Amino acid sequence: MNFISTRVENENEVTFSYAIQNPSATYGGLYVPKELPTLDENFFESHKNSTYKEVAKSVLNLFKIDIEESVIDEALSLYDNFDNQDPCPVKEIKDDLFVAELYHGPTRAFKDMALQPFGYILSDLAKKQDKNFLILAATSGDTGPATLDSFKNKPNIKVACLYPDGGTSDVQKLQMVTEDGKNLEVLGIKGDFDDAQKALKSLLASSSFKEELQKQNLSLSAANSVNFGRIIFQIIYHIYSYLQLLKQNTIKNGEKIYITVPSGNFGNVLGAYYAKKMGTPIKKLFVTSNANNVLSELINTGVYDISGKSLKKTISPAMDILISSNVERVLFDKFGANRTKELMDSLAKDKKYTLTKEELELLREDFEAVATDDKYAIKTIKTYSDNGYLMDPHTATCIKAYEELKKDSTPMVICSTAEWTKFAPTIAKAISGEDIDFSDFEALSMIANEKHIEIPKMVKNLFEKEVIFKKIVDTKEIEQNILNFIK
Ligand SMILES: *Cc1c(COP(=O)(O)O)cnc(C)c1O
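Residues numbered from 1 in each chain as written. Predicted model: local features only at pLDDT ≥ 70, side-chain atom pairs only at ≥ 80, totals over all residues. Heavy atoms only, no water.

Attention shifts here to the packing of aromatic side chains. All told, the structure shown has 16 aromatic pairs when counted by the stated rule. Here the aromatic rings of Phe3 and Phe16 are separated by 5.9 Å at their centres, their planes lie at 50°, and the arrangement is tilted. With Phe3 in strand 1 (residues 3–5) and Phe16 in helix 1 (residues 16–21), this residue pair connects regions lying 13 residues apart in the sequence. Comparing Phe3 with Phe16 shows no difference in burial state: the two are buried. With 6.1 Å between their ring centres and 55° between their planes, Phe228 and Tyr274 make a pair best called tilted. (Phe/Tyr/Trp six-rings, centres within 6.5 Å; stacked < 30°, edge-to-face > 60°. Helix = DSSP H or I, 4+ residues; strand = E, 2+ residues; numbered from the N terminus. Buried < 20%, exposed > 50% of the residue type's maximum accessible area, 1.4 Å probe, protein only.)

Right under this line is the structure:
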């Protein structure tokens, strides 16, 4: 299957392997599949009892990507390292309410579901073509650890990761600074996530930096969800969630479900959108936002407007976003390349775009959305914890969709995107009802004691590991540090 750009009509098609090595298409567009494979009732009937890897293999086969079967098998075998035999367990927590736990990978957030196999595939391509890639990542906490873990000690790849010093949880920071790999560099930045991201962008525009990369025979690539290599793996678990409800006899084959996704860059819910379009019986996709409500505003009013907005810091930092890249892929799918370019140009120029009434109706055929705030998330974490289910602040936003958007008995699957261990101080505050600033370690121990649960080894071990990366640098020093690293 080939890939086309979201901003140009009738342009040359590219292969999957090209698209994942060069994720940026013409005019700053993104690559999308030219057509999607379809899943019929037989597919669901025959995979009711399949393992996650078997479902993944079948879905990837339907996409006919130009990656050898043996490489796909190796990539999928990385799910064996997750700490649960099923990498995506789907659990019922309330009437018609199910949680797909996407956080059983090494860095305890859903990013591992895609980055683990994607990292293997990209590195294998680089090796076979004798190319070398530098991957730059600026992180607010989850993408960094997942990228480093995926690429550590992989041939032909180097990763430089920037995180805001003091802007992540202790667990997230430890996941980065204790990651041991000769091909990794991790820099703490004096500043916030925006500063880290700005520094990264100016680096990408710097001619001296590019010259140096060329001298070292390095090409740049990206591992964020603009890369379709991640999206393809994010389609699979939504299909798998449907299969789990079939297997558990919650639904009959063909009956519809709702899927709710706590969204930031829109990559996770885009995967669900493609799953729906391919034929997974999904009635609606519910998108939840935190106080940075650009996505819910778009889906409710048809206006994407960041002109008067600045980023608000919340307890669900992975959803703190103003420019949500993957919305573009849905716009393309619904309105075509010319209109997408028009809307994206308008966003770049006026910091705003407005859909027509008809366009909004089309968008709302698939999506509904609701915004929340920190107070809501804290209250919800407490209520559900009292009833025996511990959820992180991102996942908690999904409960609002259960309360407000679900208006019938159709079962709902919410995507749990991070484990409680990644945001333990917030959760300790929520369940104790006290405004105390716990350290991550204190909070983890307190919650584990109170709830009679174990802190997973992958988290506990972090506190004993040696800190490898100690540098905290000024944004002006980033370029020199990265140049020293790649030499
Ligand atoms: C990345 C992330 C999100 C947002 O996912 P998108 O695909 O960017 O919409 C939500 N929750 C957690 C915990 C994350 O790490």
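There is more to say after this.
Okay, the packing of helix 3 (residues 52–63) against helix 4 (residues 69–76) next. Where helix 3 meets helix 4, the axes come as close as 11 Å, and the angle between the chain directions of the two elements is 145°. Along this stretch, helix 3 crosses helix 4, giving a crossing that reads as right-handed. Side by side, helix 3 and helix 4 meet where Lys53, Ala56, Lys57 and Leu60 of the first sit next to Glu69, Ile72, Asp73 and Leu76 of the second. Looking at the contact of helix 3 with helix 4 residue by residue, the classes come out as four nonpolar, no polar and four charged. (Axes fitted to C-alpha atoms, helices over the stretch in contact; angles between N-to-C directions. Left-handed = near helix turned anticlockwise from the far one by under 90°. Contact = heavy atoms within 4.5 Å. Nonpolar A, V, L, I, M, F, W, Y, C, P; charged D, E, K, R; others polar.)

With that settled, consider the side chain of Thr397. Mapped onto the secondary structure, Thr397 falls in the loop between helix 16 (393–396) and helix 17 (398–404). A polar contact is formed between the side chain of Thr397 and the side chain of Thr288, at a distance of 2.8 Å. Aside from chain neighbours lying at most four places away, what touches Thr397 is Pro262, Thr288, Ser289, Met319 and Thr372. (Polar contact = N/O pair within 3.5 Å; in protein donor to acceptor, adjacent residues only side chain to side chain.)

What follows concerns helix 7 (residues 170–177). Where burial is concerned, most of helix 7 is hidden: six out of the eight residues are buried. Listing the buried residues of helix 7 in full gives Val171, Gln172, Leu174, Gln175, Met176 and Val177. In the core, the buried residues of helix 7 are packed alongside helix 6 (143–151), strand 6 (157–164), strand 7 (184–189), helix 19 (440–451) and helix 20 (457–460).

Pairing is possible between side chains of opposite charge, provided their charged atoms come close. Following the criterion strictly, the structure yields 33 salt bridges and no others. Note that Lys57 is salt-bridged to Glu69, the shortest N-O span being 3.1 Å. Taken together, the residues Lys57 in helix 3 and Glu69 in helix 4 connect sequence positions twelve residues apart. According to the relative accessible area criterion, Glu69 is partly exposed, its value standing at 48%. The salt bridge involving Arg339 is made with Glu359; its shortest N-O contact spans 2.7 Å. Highlighted residues: Arg339 in helix 13 (residues 327–350) and Glu359 in helix 14 (residues 357–364), separated in sequence by 20 residues. Among the residues examined, Arg339 registers a relative accessible area of 19% and is labelled buried. One network of salt bridges, in which partners are shared, links Lys57, Glu69 and Asp73. (Salt bridge = Lys/Arg side-chain N within 4 Å of Asp/Glu carboxyl O.)

Read across the open sheet, the five strands follow the order 8-5-6-7-15; overall the sheet is parallel. The open sheet has two edge strands, strand 8 (219–221) and strand 15 (472–473), and neither has a second partner. Note that strand 5 (residues 133–138) and strand 6 share six bridges and pair parallel. Looking at strand 6, one finds that Ala137 is bridged to Cys161. Helix-sheet contacts for helix 5 (residues 111–128) involve strand 5, strand 6 and strand 8, and the interaxial angle to strand 6 is about 140°. Lying on the sheet, helix 8 (residues 193–205) is in contact with strand 5, strand 6, strand 7 and strand 8; it crosses strand 5 at an angle near 150°. (Pairing = 2+ DSSP bridges.)

Our next topic: the domain arrangement of the protein chain. Assigned domains within the protein chain: domain 1 (76–101 + 229–419) and domain 2 (110–224 + 467–487). Put simply, the middle of domain 1 and the middle of domain 2, counted by C-alpha atoms, are 27 Å apart. Contact with domain 1, which involves 16 residues of that partner, is made by 18 residues of domain 2. Interface of domain 1 and domain 2: buried area, both sides summed, is about 1,600 Å²; carbon and sulfur atoms make up 68% of it. On the domain 1 side of the contact with domain 2, Leu78, Arg230 and Phe233 bury the most area, a combined 38% of that side's loss. Counting across the domain 1 and domain 2 interface gives zero salt bridges. The interface formed by domain 1 and domain 2 contains three residue pairs in polar contact (both at pLDDT 80 or more). (Domains from an automatic or database assignment. Buried area = accessible area lost by both parts, 1.4 Å probe.)

All right, on to the pairing of strand 6 then. Among the eight residues of strand 6, seven are classified as buried, and the element is accordingly described as predominantly covered. Chirality of the crossover, the property in question, places the unit of strand 5, helix 6 and strand 6 among those that are right-handed. Here strand 6 pairs with strand 7 via six bridges, running parallel. For Ala160, the partnering residue across the bridge sits in strand 7 and is Glu185. A crossover links strand 6 with its parallel partner strand 7, the connecting element being helix 7, and its sense is right-handed. (Right-handed = clockwise from strand over helix to strand, strands pointing away.)

Turning next to the site of the ligand. In the vicinity of the ligand, 14 residues are found, and the nearest of them are Lys111, Asp142, Gly264, Asn265 and Thr417. With respect to the ligand, the backbone of Gly264 contributes an N or O atom lying 2.7 Å from an oxygen atom. Here Phe266 contributes a backbone N or O atom positioned 2.9 Å from an oxygen atom of the ligand. The fraction of the free accessible surface of the ligand (390 Å²) that becomes covered by protein chains is 96%. For the shell around the ligand, the domains that each give at least three residues are domain 1 (76–101 + 229–419) and domain 2 (110–224 + 467–487). (Near = heavy atom within 4 Å. Areas by Shrake-Rupley, 256 points an atom, 1.4 Å probe, with all protein chains shown as cover.)

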